[in-house]
Amino acid sequence: MQLTVWTYEGPPHVGAMRVATGMRDLHYVLHAPQGDTYADLLFTMIERRDHRPPVTYTTFQARDLGKDTAELFKTAARDAYDRFQPQAMIVGSSCTAELIQDDPHGLSLTMGLPCPVIPLELPSYSRKENWGASETFYQIVRTLADKERKPLPAVGENGPRRPRANLLGPTALGFRHRDDVAEITRLLGDLGIDVNLVAPMGSSPADIAGIGEADFNICLYPEIAAQACSWLERTFRQKTVKTVPIGLLATREFVSEVCAVAGLPVPTDLDQGRMGWWSRSIDSTYLTGKRVFIFGDGTHAVAAARVASEELGFKVVGLGCYNREFAREVRAAAEKYGVEPLISDDYLAVEEAIEAAAPELVLGTQMERHIAKRLRLPCAVISAPVHVQDFPARHSPQMGFEGANVLFDTWVHPLVMGLEEHLLTMFREDFEFSDAAGPSHLGGHASSAPAAAASTAEPAGEVATIEQSAPATTEIGGWTSEALAELGKIPFFVRGKARRNTERYASEHGVTTITRDTLYEAKSHYAR
């Protein structure tokens, strides 16, 4: 294990919590010490859920290790059933309790509980959260699916029936899963397809029993549902729609694949949103060629790279994921865009890669948002792990045609704000931007602040503190303050490249102190 400040994924039992919390009438009995009882914070604070997760802990302490901790588990499981009366229970151990090897499944079988009990073998020291969620969902489906329940005939007493699909993969704490499900359900309805089941989020064990009644499955989130979809395909002969509808092009492909599986014609009159029109407009040309670094879970990272490159005209300069189970897909996408794939769960390695790539936009998790803030780069979040602000109260999907609109707004707005910041920086010494300027053409009133206030405003950019505190002849880090002030006038989105080129020029030519003249000599040298 690696000691870290931030982590992209928790241990696998957190993935099991995500599945249990998303479902109804299912209870999770977790053999865990007192310090592992943090699920309430994860789900009620970050996701702003209005009820507690259905998890009961044994909560043993250090003094209990000399006693019978197995009896503690049996008492907790019995009390949980008596209190919550679930349709089914899942049982397992946290990473700490795994070490004492009490065998929760074997213990639960000796208790004769009057509901199905599903054991979870989640190796905490070799697997992580997404794998834990996938394994948990797979075990639930495999145990509870009624193999006698098959799709009804395509033609019944009242004529042909509409095709039915299962939407599989959404969980609690998933990035925009709630809104994605609503958007894809609406889209399927427009295509003439009914949803048989959404699972695990929103389903109960009784609902899972009827999973075989659908004509086909839609694997919305492969990290969670791919294993269960594979089992359903073997067991019920249900086909799986594997295209993830993130972005305009992928959504069109999704519609075509769904219609082919359902035996329906592809409609030509679907509302396809505004991103396609805007990305062809003259106003979008300033986005062309913008350098973007992408990092997240494998599915969202690969989808974002396609949207960025093929729909918005960005240049992908970095691509990676933290879940190694999807390394193959990310490597294939990275090869397509001509970049080196980054497969790592070390946020420090990600930060180093972002800094080296010098992008103009970062698309990532909440950790990349923090990294981008330190590097003064625009950023948009595209993947879990996320914080509370990425669970908006409004409808904000990532999938479908409306999701394409949301992607466009979310990714373009940081660049627009960056452009405004650059313009304000360029014209900050213009008298019209001074606090002492007269009324504007809109008829507003001038500020009563003295004219000197304009000269004391903090300059934008990485050299603001240096410019204010250092005399003109001071040398800081090999740069004179005069050179740093000149560097600060370069637009922020190319300033890092200018600095690196200048320092490389100085190193190659034996220059020990970088002056304003050195900066311009380097510029002339690399412009040839």
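Before reading further, recall that the structure is shown in the block above.
Here goes a summary of the coordinates provided. (Residues numbered from 1 in each chain as written. Predicted model: local features only at pLDDT ≥ 70, side-chain atom pairs only at ≥ 80, totals over all residues. Heavy atoms only, no water.)

1. Some thoughts on the sheet that holds strand β12 (residues 315-321)
Test applied: Think of it this way: DSSP has to see at least two bridges between two strands before they count as a pair. Every helix listed is a DSSP run of H or I at least four residues long, and every strand listed is a run of E at least two residues long, numbered separately from the N terminus. In this analysis, axes come from line fits to C-alpha atoms, helices being fitted only over the stretch in contact, and the angle between any two N-to-C directions falls in the range 0 to 180 degrees. Contacts are assigned to residue pairs with any non-hydrogen atoms lying within 4.5 Å of each other.
The parallel open sheet is built from 5 strands, whose spatial order is β13-β12-β11-β14-β15. Each of the sheet's edge strands pairs with one partner strand only, and the pair in question is β13 (341-343) and β15 (379-381). Taken over all neighbouring pairs, the strand axes of this sheet differ in orientation by 15° on average, direction set aside. Alignment of strand β11 (residues 291-296) against β12, held across 6 bridges, turns out to be parallel. Looking across to β12, one finds that Gly 296 is bridged to Cys 321. The strands that helix α13 (residues 347-357) touches are β11, β12, β13 and β14 (361-364); relative to β11, the one it contacts most, it runs at about 170°.

2. Overview of the environment of Glu 355
Defined as follows: For every residue, the accessible area (1.4 Å probe, protein chains only) is compared with the maximum for its type, and the residue is labelled buried under 20%, exposed over 50%, or partly exposed between those bounds.
Note on placement: Glu 355 falls in helix α13. By relative accessible area, Glu 355 is classed as partly exposed at 48%. The spatial distance from the C-alpha of Glu 355 to the C-alpha of Leu 375 is 7.5 Å, given a sequence separation of 20 residues. When sequence neighbours within four positions are dropped, the list of residues in contact with Glu 355 reads Leu 375 and Arg 500.

3. A few points about the sheet that holds strand β10 (residues 239-241)
Taken in spatial order, the 4 strands of this open sheet run β8-β7-β9-β10, and their pairing is parallel. Only two strands of the sheet have a single partner each, and these edge strands are β8 (194-199) and β10. The mean inter-strand angle of the sheet, taken between neighbouring strand axes irrespective of direction, is 30°. As paired strands, strand β7 (residues 164-168) and strand β9 (residues 216-219) are joined by 4 bridges and run parallel to one another. Within β9, the position partnered with Leu 167 by the bridge is Ile 218. Packed on one face of the sheet, helix α6 (residues 177-191) meets β7, β8 and β9 and runs near 165° to β7.

4. A word on the state of the cysteines
Under the convention used in this document: Cysteine sulfur atoms are paired as a disulfide whenever they fall within 2.5 Å.
Per the stated rule, a full pass over the model turns up 0 disulfides. Sulfur of Cys 229: no disulfide; nearest cysteine sulfur belongs to Cys 219 and is 4.2 Å away.

5. Some remarks on the environment of Ser 383
Basically, it comes down to this: N or O atoms within 3.5 Å of each other form a polar contact, as long as, within protein, one can give a hydrogen and the other can take it, and as long as residues adjacent in sequence are counted only when both atoms are side-chain atoms.
Summarising the element assignment, Ser 383 is placed in the loop between β15 and α15 (400-426). Since its relative accessible area comes to 0%, Ser 383 is described here as buried. A sequence separation of 15 residues divides Ser 383 from Gln 398, and the C-alpha atoms of the two residues are 9.9 Å apart. In this structure, Ser 383 is in contact with Phe 175, Gly 296, Asp 297, His 300, Tyr 322, Gly 364 and Thr 365, ignoring residues within four places of it in sequence. Of the polar contacts made by the side chain of Ser 383, one reaches the backbone nitrogen of Asp 297; its length is 2.9 Å.

6. Describing α6
Stated formally: By this rule the span expected of a helix is its residue count minus one, scaled by 1.5 Å.
When the terminal C-alpha atoms of α6 are compared, their 21 Å separation across 15 residues agrees well with the 21 Å that a helix rising 1.5 Å per residue should span. Within α6, the full set of buried residues consists of His 177, Asp 179, Asp 180, Val 181, Glu 183, Ile 184, Leu 187, Leu 188 and Leu 191. Directly after α6, the chain includes Gly 192, whose backbone phi takes a positive value near 90°.

7. Re the pairing of strand β3 (residues 88-93)
For β3, the buried fraction is high: 6 of the 6 residues fall into the buried class. Side chains of β3 alternate between two faces, with Ala 88, Ile 90 and Gly 92 and Met 89, Val 91 and Ser 93 buried alike. Inspection of the sheet shows strand β1 (residues 26-31) paired to β3 by 6 bridges, in the parallel sense. Across the sheet, His 31 pairs through a bridge with Ser 93, a residue of β3.

8. Things to note about the environment of Gln 227
You can see Gln 227 is positioned in helix α8 (residues 222-236). Residue classification places Gln 227 among the partly exposed positions, given a relative accessible area of 31%. Here the alpha-carbon distance between Gln 227 and Phe 137, two residues 90 residues apart in the chain, equals 8.6 Å. When near neighbours in sequence (up to four residues on either side) are disregarded, Gln 227 contacts Ser 134, Glu 135 and Tyr 138.

9. Describing the nonpolar core
Definition in use: Definition used in this section: a nonpolar core is a set of buried Ala, Val, Leu, Ile, Met, Phe, Trp, Tyr and Cys residues joined via side-chain atoms within 4.5 Å.
Grouped together as the largest cluster of nonpolar side chains are 105 residues, with contacts concentrated most on Tyr 28, Ile 218, Ile 294, Leu 319 and Trp 411. Counting 15 residues, the second largest nonpolar core, distinct from the first, contains Tyr 347, Ala 357, Val 362 and Ala 372.

10. Side note on unusual backbone geometry
Note the cis peptide between Ala 199 and Pro 200, where omega equals 0°. The omega angle of the peptide bond from Ala 384 to Pro 385 is 5°, so this bond is cis rather than trans. You can see Pro 385 is positioned in the loop between β15 and α15. Of note, Gln 85 is a non-glycine position whose phi angle comes to about 50°, a positive value. Mapped onto the secondary structure, Gln 85 falls in the loop between α3 (69-84) and β3. Overall, Gln 85 belongs to the partly exposed group, its relative accessible area being 47%. Its identity as a non-glycine residue notwithstanding, Arg 237 has a phi of 60°, on the positive side. Tracing the backbone through its elements, the reader meets Arg 237 in the loop between α8 and β10.

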